[in-house]
Amino acid sequence: MKKKIIFIMNPISGTVSKTGLPELIERTIDKDKFQYEIVFTDWAGHATELAADAVRNGIDIVVAVGGDGTVNEIGRALVHTDTAMAIVPCGSGNGLARHLMLPMSLKKSVETINRCVIHDLDYGVINGIPFFCTCGMGFDAFVSMKFAEAGKRGPITYAENVLREGLRYKPETYTITDGEGTKRLKAFLIACANASQYGNNAYIAPQASMSDGLLDVIIMEPFDVFDAPQISMDLFAKTIGNNSKIKTLKADKLIIRRENEGYIHFDGDPIITGKEIEIHTEHKGIKIVVNPDADKSRRTPARVVNAISEAFNMLREDIDINRRSILVLNKKILRRLNNL
């Protein structure tokens, strides 16, 4: 008996043209295995409604054709159901698809769906809202808001906002309560990761797993202009956990309190919420079509990027030494001038 599959396509998400995608699906989908349909979204939140209808109609697989926003809209309708989610990545970041090591080629992503390997995986919840990749508060939520306002997508827009706003952003004070107790700290951002990256291969939590029942919590402490390039390099080298400005922990649930209400984000979508934020994981709460050929060894740090990261770190240490020497010399000169 053929499985029923529906492709839900966001025509405006991401940076990939979808003009020829219906024809590609028609040529590539295994018609001996699937009875398929393609539908298009017309407004924000429409994908959730279409996915919920698919569950009620007994559809076996719903395919998110778009970016992480489309994945989130569809995924939240499929949690704790027998309907699985698949992904044809067409977004600007494709964080969840990249974590799952799905092909970025549209044709190959459909061929992966044809193989129909489905795993039960974890998802997270922040203040009642499901997320599948990351959620957070602080600077990354602020950048998500700026990104949403920018009107265009892509890594260049993201980088522009980070560089423009980063040095002006003021860290906040947070109180974090988890199974280990309560801690109060000042942070540039706090990210909770169900999957390993924000997207575009920027790994905020390189060791994150979608099957361990835990969230990787990343706390980025305040830093100065000399730290920023190294932190950026560590994101792409998958070595962010080695940075002295980063603290990490694992938890299945936590409560974070801050001094003021403000932005949070879930899978890159920003919203304003209150001072108290509750986050937890739902273990194996969603069925997802995975890539059976995924080679997890490819998640190890890229040699070239890692070498550049180490070289920059050595350079930064030299800069710090020289800066301290200059400060000491300045103090000596000032003391002598005061004695004249």
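Residues numbered from 1 in each chain as written. Predicted model: local features only at pLDDT ≥ 70, side-chain atom pairs only at ≥ 80, totals over all residues. Heavy atoms only, no water.

**Some thoughts on the packing of helix α1 (residues 21-28) against helix α5 (residues 106-115)**
For any two helices packed against each other, the geometry is given by the interaxial angle and the distance between the axes. Between α1 and α5, whose axes approach to 10 Å, the crossing angle comes to 40°. Looking at the two axes, α1 sits oblique to α5. Regarding α1 and α5, the two cross each other, and that crossing is right-handed. Of the residues in α5, those in contact with L21, L24, I25 and T28 of α1 are L106, K107, V110, E111 and N114. (Axes fitted to C-alpha atoms, helices over the stretch in contact; angles between N-to-C directions. Helix = DSSP H or I, 4+ residues; strand = E, 2+ residues; numbered from the N terminus. Parallel < 35°, antiparallel > 145°, perpendicular 65-115°, else oblique. Left-handed = near helix turned anticlockwise from the far one by under 90°. Contact = heavy atoms within 4.5 Å.)

**Digging into the packing of helix α2 (residues 46-56) against helix α3 (residues 68-78)**
Here α2 crosses α3 at 35°, and the two axes come no closer than 8 Å. Of the two elements, α2 crosses α3, and the hand of that crossing is right-handed. Seen from α2, the contacting residues are H46, A47, T48, A51, A52 and V55; seen from α3, they are E73, I74, R76, A77 and L78.

**Quick notes on the pattern of salt bridges**
Counted according to the given criterion, the structure contains 10 salt bridges. The partner of K287 in a salt bridge is D120, with the nearest N and O atoms 2.9 Å apart. Taken as a pair, K287 in strand β16 (residues 276-289) and D120 in strand β5 (residues 118-126) lie far apart in primary sequence, 167 residues in all. For D120, a relative accessible area of 37% puts it in the partly exposed group. With a shortest N-O distance of 3.3 Å, K247 and E221 are connected by a salt bridge. Within this pair, whereas K247 is found in strand β12 (residues 246-251), its partner E221 is found in the loop between β11 (215-220) and α8 (228-237), the two being separated by 26 residues in sequence. For K247, a relative accessible area of 39% puts it in the partly exposed group. The network of salt bridges with shared partners includes D212, D216 and K250. (Salt bridge = Lys/Arg side-chain N within 4 Å of Asp/Glu carboxyl O. Buried < 20%, exposed > 50% of the residue type's maximum accessible area, 1.4 Å probe, protein only.)

**A word on unusual backbone geometry**
For residues other than glycine, phi is negative in most cases, and the peptide bonds are mostly trans. You will see that N127, though not glycine, has its phi angle at about 45°, which is positive. Tracing the sequence through the fold places N127 in the loop between β5 and β6 (129-131). The exposure class of N127 is partly exposed, given its relative accessible area of 28%. Positive phi values are uncommon outside glycine, yet D267 reaches one of about 50°. Mapped onto the elements, D267 comes out in the loop between β14 (262-266) and β15 (269-273).

**Looking at the packing of aromatic side chains**
Per the counting criterion, the structure on display carries 4 aromatic pairs. Relative to Y36, the ring of F7 lies with its centre 6.3 Å away and its plane at 90°, an arrangement referred to as edge-to-face. Linking F7 in strand β1 (residues 3-9) with Y36 in strand β2 (residues 34-40), this pair joins segments that are 29 residues apart in sequence. When its relative accessible area of 0% is taken as the criterion, F7 is described as buried. Residue class for Y36 comes out partly exposed when judged on its relative accessible area of 25%. (Phe/Tyr/Trp six-rings, centres within 6.5 Å; stacked < 30°, edge-to-face > 60°.)

**Considering the confidence of the model for the protein chain**
Of all residues in the protein chain, 77% attain a pLDDT of 70 or more, and the chain-wide mean is 84. Contacts from residues 301-316, a stretch scored under 50 in pLDDT, to residues over four places away or in other chains number 22 contacts. (pLDDT = per-residue confidence, 0-100.)

**Thoughts on the pairing of strand β13 (residues 253-258)**
Only one face of β13 is buried, namely the one carrying L254, I256 and R258, since none of K253, I255 and R257 on the opposite face is buried. Sheet topology places strand β8 (residues 172-178) next to β13; 4 bridges connect them, and they run antiparallel. When the bridges of β13 are listed, T175 appears paired with R257. Where β13 meets β16, 5 bridges bridge the pair, whose relative direction is antiparallel. Paired with I256 across the strands is I277, a residue of β16. (Pairing = 2+ DSSP bridges.)

**A closer look at empty space enclosed by the protein**
With a probe scaled to a water molecule rolled over the atoms, the places where space remains empty come into view. Taken as a whole, this structure holds 1 cavity of 30 Å³ or more when the rule is applied. Considering only enclosed or pocket space, the largest cavity measures out at about 40 Å³ in volume. Contributing to the lining of the largest cavity are A86, I87, L102, P103, S109, T112, I113 and V289. Looking at the lining of the largest cavity, the elements that each hand over two or more residues are β4 (84-89) and α5. Among the elements that make up the lining of the largest cavity, the one with the highest residue count is α5 (3 residues). (1 Å grid on protein atoms, 1.4 Å probe; cavity = no way out; pocket = protein on both sides within 12 Å on 5 of 7 lines; lining within 4 Å. Points joined across faces, edges and corners; volume = space filled by probe spheres on them.)

**A few points about the nonpolar core**
Counting 31 residues, the largest nonpolar core has I8, V62, I74, M85, L96, L100 and I286 as the members making the most contacts within it. Setting aside its immediate chain neighbours within four residues, M85 contacts V62, V71, I74, G75, L78, L96, I286, K287, I288 and V289. (Core = buried A, V, L, I, M, F, W, Y, C linked by side-chain atoms within 4.5 Å.)

**Examining the sheet that holds β12**
Judged by pairing direction, the sheet is antiparallel, and its 6 strands sit side by side in the order β12-β11-β10-β7-β14-β15 without closing on themselves. Looking at the sheet topology across the chains shown, the edges are occupied by β12 and β15. Each strand of the sheet is rotated relative to its neighbour by a mean of 20°, with strand direction disregarded. Bridge count between β14 and β15: 5 bridges; the pairing is antiparallel. Across the sheet, the residue bridging to Y263 is I272, located in β15.

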